[in-house]
Amino acid sequence: MMSRRRVAVTGMGIISPVGNTVASAWNAVRNGQSGIGRITLFDPAEYPVQIAGEVKGFELSSYGVEHRAQRKMARFAQFLLAASIQAVDDAGFTAQTLSAERTGIVVGNCLGGAEAVDSAYKKYFAPSPGARLIPALTTPLSISNEGAANVSIHFGLHGPALTVSTACASGTDAIGMAADIIRAGRADVCISGGTEAAILGYSIASYSSLQVLSYHFNDSPEKASRPFDRERDGFVVGEGAAVLLLEEFEHARRRGARIYAELAGYGASSDAYHIAAPLADGRGAAQAVSDAIADAGLQPQDIQYYNAHGTSTVVNDHAETLMLKQVFGDYARRLHISSTKSMTGHMIGAAGAAEAVFCVKALQEGFVPPTINLEHPDAENGCDLDYTPLKGISVPIRAAASGSLGFGGHNSCLVLTKAGEDNAG
């Protein structure tokens, strides 16, 4: 029987509220630095929520992309292309050395080019008929698959270019599906990850109406995202993109590539319960995490670090904690857990991909990043595990898991291991 093809991580890229390179973003997360601040992308003065995790200092032109090409890309697609260029370069590839037919792209995204939609609707409903002219590029700028398409065009790739939309689980599902494509032999390399750019008036207003955003910390934004803390009052919207370059293991070895980690397991499930709330007992997410661990050929106690979805909402944090107790049993109290959303905010479709990058760095450096702002753990309401409060710790890590939960009941999980190690025991 032919052995299953293994999947290596050989390149990474990120654009985020805490840094626009893997090195700078990881350094910020490692040191507990928040990327949350007052919104500058629009005037938030009349909004109850005035804070977000914005990307700062980003210019796609610094990646050699011409201005004419940039005009045809929405903000989320620009983020994705920049992170993809970083990852391809980090893996030691160029557009010329990537196999056009054997390289795929799988991207997670939730809202597409939201700013193009917002701008077009404002024109469409303008009081003057002459102002109702919709810009010609509105459709290609707004559709979610535009991100993957632009990466394909930039690198001249003819493999599958797919977009996954499972709300806040999109980035995790995209990476998992990319791994499955490589395992199945349909590609040798996949550019995979997630991207989102949802910091604009109507999306902030929409999330506010749903009562899921933090609004008590407008005057101290760096304190707003506080997963598992009893003073948490909602999540903070973030933006950005993150990409893992995945490669069939022997393909990477033959070309002498640096292998950061192995993507060993992927699991996904659906709550089949509610459009905006997880199952309160966490059993839907438990299925995804258990399946990912089993897919990696591991036992729950083989995982040393779990990067939590940890959004800083009361419902999510409680359900996720119950899930961890189901999956890990008594070992859950010894498992190292943290939520890096406490620093990045919730990057929606990009969240799981960014957290996968941080898991790879945690494996590399043997370091668990902190959950900042966790000053008063909400133990009386069941949040009583070790979430690595306030300060990260050094600890040997052979296997790490990253879990995501999305609106609609989408659950997914990745398991990453140190390359070439026996991770059991």
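Above this text you will find the structure in question.
From a predicted model like this one, the values you see are computed outputs, not experimental measurements.

Concerning the overall build of the chain
Counting secondary structure elements, the chain contains 13 helices and 14 strands. Rg of the C-alpha trace for the chain: 20 Å, near the compact-globule value of 22 Å for 425 residues, within the 12% margin. Long-range contacts, defined as pairs at least 24 residues apart, comprise 79% of the intrachain contacts of the chain with a sequence gap of at least 6. Carbon and sulfur atoms make up 52% of the accessible area of the chain, which totals about 16200 Å². Computing the positive centroid from 33 side-chain charges and the negative centroid from 42, the chain places the two 4 Å apart.

Looking at the packing of aromatic side chains
Inspection of the entire model under this criterion finds 10 aromatic pairs. Aromatic pair phenylalanine 58 and phenylalanine 79: ring centres 5.2 Å apart, planes at 75°, arrangement edge-to-face. Note that phenylalanine 58 is positioned in the loop between strand S3 (51-52) and helix H2 (67-70) and phenylalanine 79 in helix H3 (residues 75-90), a separation of 21 residues in sequence. For the pair phenylalanine 58 and phenylalanine 79, one class covers both residues: buried.

A look at a nonpolar patch on the surface
A surface patch of nonpolar side chains, about 480 Å² in accessible area, is lined by Tyr121, Tyr124, Phe125 and Ile134. By secondary structure assignment, the location of isoleucine 134 is in the loop between helix H4 (114-124) and helix H5 (138-142). Its relative accessible area of 36% is what places isoleucine 134 among the partly exposed residues.

Notes on the packing of helix H1 (residues 22-30) against helix H13 (residues 351-365)
Contact geometry of H1 with H13 gives a least axis separation of 11 Å together with a crossing angle of 75°. Relative to H13, H1 is oriented roughly perpendicular. Side by side, H1 and H13 meet where Val22, Ala25, Trp26, Val29 and Arg30 of the first sit next to Val357, Phe358, Lys361, Ala362 and Glu365 of the second. Split by residue class, the contact of H1 with H13 holds seven nonpolar, no polar and three charged.

Concerning the state of the cysteines
Considering all chains together, one arrives at zero disulfides under this definition. Cysteine 110 forms no disulfide, and the closest cysteine sulfur to it belongs to cysteine 168, at a distance of 6.1 Å. Considering cysteine sulfurs only, cysteine 413 is the nearest to cysteine 190, which forms no disulfide, with 19 Å between them.

Some remarks on the sheet that holds strand S8 (residues 261-270)
In space, the 10 strands of this open sheet follow the order S5-S4-S6-S7-S1-S8-S14-S13-S9-S10, with mixed pairing throughout. The outermost strands of the open sheet, each flanked by one partner alone, are strand S5 (161-164) and strand S10 (336-338). Between one strand axis and the next, the sheet turns by 25° as a mean value, whatever way the strands run. Sheet topology note: the strand S9 (residues 305-307)/S10 ladder contains three bridges and is parallel. Directly across from tyrosine 305, in S10, lies its bridge partner histidine 336. With respect to the sheet, H3 is in contact with strand S1 (7-15), strand S4 (103-108), strand S6 (189-196) and strand S7 (240-248), its orientation differing from that of S1 by roughly 135°. In the packing of helix H10 (residues 283-295) onto the sheet, contacts are made with S8, S9, strand S13 (399-406) and strand S14 (410-417), and the angle to S8 comes to roughly 150°.

Calculation criteria
- Residues numbered from 1 in each chain as written.
- Predicted model: local features only at pLDDT ≥ 70, side-chain atom pairs only at ≥ 80, totals over all residues.
- Heavy atoms only, no water.
- Helix = DSSP H or I, 4+ residues; strand = E, 2+ residues; numbered from the N terminus.
- Rg over C-alpha atoms; globule rule 2.2 N^0.38 Å.
- Contact = heavy atoms within 4.5 Å.
- Areas by Shrake-Rupley, 256 points an atom, 1.4 Å probe, with all protein chains shown as cover.
- Lys, Arg positive; Asp, Glu negative; His and termini not counted.
- Charge placed at Lys NZ, Arg CZ, Asp CG, Glu CD.
- Phe/Tyr/Trp six-rings, centres within 6.5 Å; stacked < 30°, edge-to-face > 60°.
- Buried < 20%, exposed > 50% of the residue type's maximum accessible area, 1.4 Å probe, protein only.
- Patch = residues over 30% accessible without salt bridge, like charges linked within 9 Å, V, L, I, M, F, W, Y side chains within 5 Å.
- Salt bridge = Lys/Arg side-chain N within 4 Å of Asp/Glu carboxyl O.
- Axes fitted to C-alpha atoms, helices over the stretch in contact; angles between N-to-C directions.
- Parallel < 35°, antiparallel > 145°, perpendicular 65-115°, else oblique.
- Nonpolar A, V, L, I, M, F, W, Y, C, P; charged D, E, K, R; others polar.
- Disulfide = S-S within 2.5 Å.
- Pairing = 2+ DSSP bridges.

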